[in-house]
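The primary structure of each chain is shown beneath.
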Amino acid sequence: MIETATAVEQHLHNIRTPLNTISLTAELGKLRIAQGESGERLEEIMERILTQCARCADQIKELEEFLTIDSNC
Amino acid sequence: MNKSRTALIVDDDVEFLATIAELVGALGYATVTAETLSAAKRIIDRQNFDHILLDLMLPDGSGLEFLDELAPSSSTPTTVTIITGHPAIRNSIKRIYGPNINYLVKPIALGDLKRILHMGGHDQDEDKPLHLQQHYGSLIGVSAAMQSVYEAIEKVAKVSVNVMLIGESGVGKELVAQAIHAASGRSGRFVPSNCGAFNRELIGSELFGHEKGAFTGASARKMGVFEQAAGGTLFLDEITEMPLELQPNLLRVIEAKNFVRLGGAAPIDVGCRIVSATNRSEQEMAEENLLREDLLYRLAAFPLVIPPLRERHEDVGLLTEFFLAEFNEEYGTELQCGKSTMERLQEYDWPGNVRELRHTIHRAYIMSTDGKELALPAKLGAPFTSDDPAIIDRTLHAGQTIEEVERNLIRITLDRHGGNKKQAATVLGISLKTLYNRLKSYEPESYHLESETESTQ
């Protein structure tokens with residue numbers, strides 16, 4: 001049980017990490033817009049957010065898989 | 001004056017680190033980043049920062065360890081901000097370290113970051129005499145030789161050309177690269193990387209990154225240094241150590257202005273300025289064919305020669321005062337440098353340049369037990385700056401003793417790793433203790449006490 005709890009904790013951490021980056025990258029985007037940037041630079045920021053979203057989705061999937069396997073035992 | 005405040009950011013998540021560094025950069029700081037505790041420690045050994053932003057959980061230890069190292073010098077004007085995902089940690093740390101530490105709880109809002117960076121932003125130079133202020137946050141010196149370096153930095157900062165720094169070991173090439181980055185006002189990061197330390201098989205991945213599954217062991221996507229430096233400055237130290245057969249890769253990227261991650265398909269634009277550095281002279285580079293000529297022209301669009309310390313003797317006094325003030329601040333002492341001591345320092349030739357001067361002051365500082373005046377050893381010179389030609393000679397030939405070769409190997413390995421003994425020992429394949437014992441056997445008597453103090457750390 002304790003092992004499961006630690007593993008879930010780890011999975012949650014892996015999900016939280018890209019979420020934190022997404023939030024910070026969005027703040028960067030806002031700042032860049034306020035500074036009058038547009039075009040390529042912003043596109044690149046959006047791209048970074050999307051990459052992190054994908055990373056987040058992967059991690060959620062991994063957690064789901066972990067929980068399914070665990071409950072089957 | 002084009003001087004910005006400096007911040008060191010320590011976090012093990014590369015993407016998060018790149019983003020927060022860009023934000024802090026956009027808020028007017030020259031940023032330096034580290035992914036591990038050991039990297040952060042190496043950086044603060046060399047440079048002071050106005051602000052340190054620190055993640056608590058790092059792959060090689062806890063950020064708290066780092067705080068403990070900073071704590072003894074409570075007089076230091078560095079502001080520390082802990083980045084944590086757990087607000088609960090806040091209170092326990094506050095109990096231990098007092099109110100002088102700020103917190104940012106993830107997810108970080110821009111407003112909080114702004115508040116932290118602008119509050120308590122006690123200017124590092126405020127209480128320092130004017131002549132000890134650093135140019136561009138890192139450089140010291142008023143000599144004519146340094147004035148022309150400042151002028152060159154000022155000029156080159158404004159245009160986006162690649163710069164090659166040429167200078168002997170220990171002259172401070174990385175500091176000049178940081179100065180160029182700070183003066184350019186670029187919003188991205190300053191990303192230092194050492195071409196001599198790259199693994200031959202992984203050099204492509206180190207430079208350009210890789211996609212998940214690009215090769216065995218590539219378990220996640222990785223950003224290369226080119227990508228990490230987007231919008232900033234990529235510092236390629238020891239560029240002449242890059243294997244010749246790998247140089248065409250770099251050339252192609254510079255010419256095409258884009259690159260592809262290993263295993264990837266989409267080209268990514270190169271958005272950084274490249275500052276490279278070498279301790280070889282232009283003549284050596286050409287004669288020994290260390291760098292492809294076409295690559296040399298691309299990298300050295302603006303070559304900048306950093307003068308050795310012996311060509312700016314008048315700065316020895318300033319540098320000595322600066323380093324002594326640093327150690328005094330760090331250990332809470334008020335050691336002075338006497339007139340005759342200063343004269344001896346100024347007369348010496350400093351083959352190891354500013355790095356050697358700093359080490360000498362540090363050694364002398366530790367040896368000075370009276371708490372009042374800095375006492376130099378009877379003979380100046382680091383253990384490795386011997387005039388003995390057998391020691392200077394870097395090549396192997398019959399007639400040398402094993403001891404000479406071993407000593408030489410240790411010296412150049414230490415040089416390569418910027419004097420970091422732990423790294424050098426790992427590379428040499430010997431224990432740190434063995435390395436200390438070897439070093440001790442090369443030193444004149446007067447240094448023994450200091451190396452013992454160091455080895456107990």
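Everything quoted here is computed from the prediction, not taken from an experiment.

Engineer: Would you take a moment to explain the overall build of chain A for this structure?
Structural biologist: A count of helices and strands for chain A gives two helices and zero strands. Buried residues in chain A amount to 33% of all 73 residues. Within chain A, residue pairs in contact and separated by at least 24 positions form 71% of the contacts whose partners lie at least 6 positions apart. As presented, chain A carries roughly 4,700 Å² of accessible surface, and 60% of it is formed by carbon and sulfur atoms.

Engineer: Honestly, the nonpolar core in this entry has me stumped. Any pointers?
Structural biologist: Grouped burial of nonpolar side chains is what soluble globular proteins tend to show. In terms of nonpolar packing, the biggest core is built from 29 residues, with B:Met164, B:Leu207, B:Phe226, B:Leu234, B:Leu236, B:Ile239 and B:Leu250 touching the most fellow members. Of all the secondary-structure elements, those providing two or more residues to this core are β8 (163-166), α8 (203-208), α9 (225-228), β10 (233-237), α10 (247-256) and α12 (293-299) of chain B. With four residues, the single largest contributor to this core is α10(B). Membership of the second largest hydrophobic core comes to 25 residues, among which are A:Ile22, A:Leu31, B:Ile83 and B:Leu113.

Engineer: What is the right way to read the side chain of A:Asn20 from this model?
Structural biologist: With respect to the element layout, A:Asn20 can be found in helix α1 (residues 2-34). With near-sequence residues (within four places) excluded, A:Asn20 lies in contact with B:Phe16, B:Lys106 and B:Pro107.

Engineer: How do you make sense of helix α19 (residues 432-442) of chain B when you look at a structure like this?
Structural biologist: Every α-helix winds through 3.6 residues per turn, so residues three or four apart in the chain are directed the same way. Residue and element names in this part refer to chain B. Those residues of α19 lying buried are Leu-435, Tyr-436, Leu-439 and Tyr-442. Taken around the axis of α19, the buried residues stretch over an arc of 120 degrees, which confines them to a single face. Structural note: α19 exposes Lys-433 and Ser-441 on the side pointing more than 90 degrees away from its buried face.

Engineer: Help me out: how do you make sense of the packing of helix α1 (residues 14-26) of chain B against helix α5 (residues 110-118) of chain B in this one?
Structural biologist: The description of two helices packed together rests on the angle between their axes and the distance between the axes. All names here are of chain B. As a packed pair, α1 and α5 sit with axes 11 Å apart at the nearest point and diverge in direction by 55 degrees. With respect to each other, α1 and α5 are oriented oblique. For the element pair α1 and α5, the recorded crossing hand is right-handed. Residue-level contacts link Ile-20, Leu-23 and Val-24 of α1 to Leu-110, Leu-113 and Leu-117 of α5. Class assignment of the residues belonging to the contact of α1 with α5 gives a composition of six nonpolar, no polar and no charged.

Engineer: Could you clarify how one ought to interpret the side chain of B:Gln47 in this entry?
Structural biologist: All names here are of chain B. Along the chain, Gln-47 falls in the loop between α2 (37-46) and β3 (51-55). Within the structure, the side chain of Gln-47 is placed 3.3 Å from the side chain of Gln-178, a separation counted as a polar contact. With residues near it in sequence (within four places) discarded, Gln-47 still touches Thr-6, Val-32, Gly-137 and Gln-178.

Engineer: Please explain the environment of B:Pro267 as it appears in this structure.
Structural biologist: Within the secondary structure layout, B:Pro267 lies in strand β12 (residues 267-269). Here B:Pro267 is in contact with B:Asn258, B:Phe259 and B:Val260, once residues within four sequence places are set aside.

Engineer: Quick question: what am I supposed to make of the interface of chain B and chain A here?
Structural biologist: When the parts come together, some accessible area is lost, and that loss is often what is quoted as the size of the interface. The partner chain A presents 19 residues to the 21 residues of chain B that form the contact. Taking both sides of the interface into account, the surface hidden between chain B and chain A amounts to around 1,700 Å²; carbon and sulfur atoms contribute 55%. Three residues stand out in chain B for area buried against chain A, namely B:Thr19, B:Glu22 and B:Leu23, and they jointly supply 27% of the buried area on that side. Summed over the shared surface of chain B and chain A, the result is four salt bridges. Between A:Arg55 and B:Asp13 there is a salt bridge; the shortest N-O distance is 2.8 Å. On inspection of chain B and its partner chain A, the count reaches seven residue pairs in polar contact (both at pLDDT 80 or more).

Engineer: Which parts of the structure should I look at to understand the pattern of salt bridges?
Structural biologist: Once the charged atoms of two side chains with opposite charge are near each other, the side chains can pair. Residues and elements named next belong to chain B. Under the counting rule described, the total for this entry stands at 22 salt bridges over all chains. In this structure, the salt-bridge partner of Glu-211 is Arg-221, at a minimum N-O distance of 3.1 Å. Taken together, the residues span a long stretch of sequence, with Glu-211 in the loop between α8 and α9 and Arg-221 in the loop between α8 and α9 at a distance of ten residues. Arg-221 gets classed as partly exposed once you look at its relative accessible area, which sits at 33%. A salt bridge links Glu-255 to Arg-298; the nearest nitrogen and oxygen atoms lie 3.4 Å apart. Within this pair, whereas Glu-255 is found in helix α10, its partner Arg-298 is found in helix α12, the two being separated by 43 residues in sequence.

Engineer: What should I look at first to understand helix α14 (residues 339-347) of chain B in this one?
Structural biologist: All names here are of chain B. Among the residues making up α14, those that are buried are Thr-341, Met-342 and Leu-345. End-on, the buried residues of α14 take up no more than an arc of 100 degrees, which puts them together on one face. With respect to the buried face of α14, the exposed residues turned more than 90 degrees away are Lys-339, Ser-340 and Glu-347. Considering only its buried residues, α14 is in contact with α13 (316-331) and α15 (353-367).

Engineer: Can you walk me through the packing of aromatic side chains in this structure?
Structural biologist: Any two aromatic rings considered together are summarised by their centre-to-centre distance and by the angle between their planes. All names here are of chain B. Throughout the structure, instances matching the rule amount to eight aromatic pairs over all chains. Aromatic pair Tyr-348 and Trp-350: ring centres 4.6 Å apart, planes at 90 degrees, arrangement edge-to-face. In this structure, Tyr-348 and Trp-350 share a single accessibility class: buried. Taken together through their ring pairs, the aromatic side chains of Phe-208, Phe-226 and Phe-259 make up a single cluster. When the ring centre of Phe-16 is taken as origin, the NZ or CZ atom of Lys-106, which lies over that ring, is 4.3 Å away.

Cut-offs used in this document
Residues numbered from 1 in each chain as written. Chains lettered and ligands numbered in written order. Predicted model: local features only at pLDDT ≥ 70, side-chain atom pairs only at ≥ 80, totals over all residues. Heavy atoms only, no water. Helix = DSSP H or I, 4+ residues; strand = E, 2+ residues; numbered from the N terminus. Buried < 20%, exposed > 50% of the residue type's maximum accessible area, 1.4 Å probe, protein only. Contact = heavy atoms within 4.5 Å. Areas by Shrake-Rupley, 256 points an atom, 1.4 Å probe, with all protein chains shown as cover. Core = buried A, V, L, I, M, F, W, Y, C linked by side-chain atoms within 4.5 Å. Arc of directions from axis to C-beta. Axes fitted to C-alpha atoms, helices over the stretch in contact; angles between N-to-C directions. Parallel < 35°, antiparallel > 145°, perpendicular 65-115°, else oblique. Left-handed = near helix turned anticlockwise from the far one by under 90°. Nonpolar A, V, L, I, M, F, W, Y, C, P; charged D, E, K, R; others polar. Polar contact = N/O pair within 3.5 Å; in protein donor to acceptor, adjacent residues only side chain to side chain. Buried area = accessible area lost by both parts, 1.4 Å probe. Salt bridge = Lys/Arg side-chain N within 4 Å of Asp/Glu carboxyl O. Phe/Tyr/Trp six-rings, centres within 6.5 Å; stacked < 30°, edge-to-face > 60°. Lys NZ or Arg CZ within 6 Å of the ring centre and 35° of its normal.

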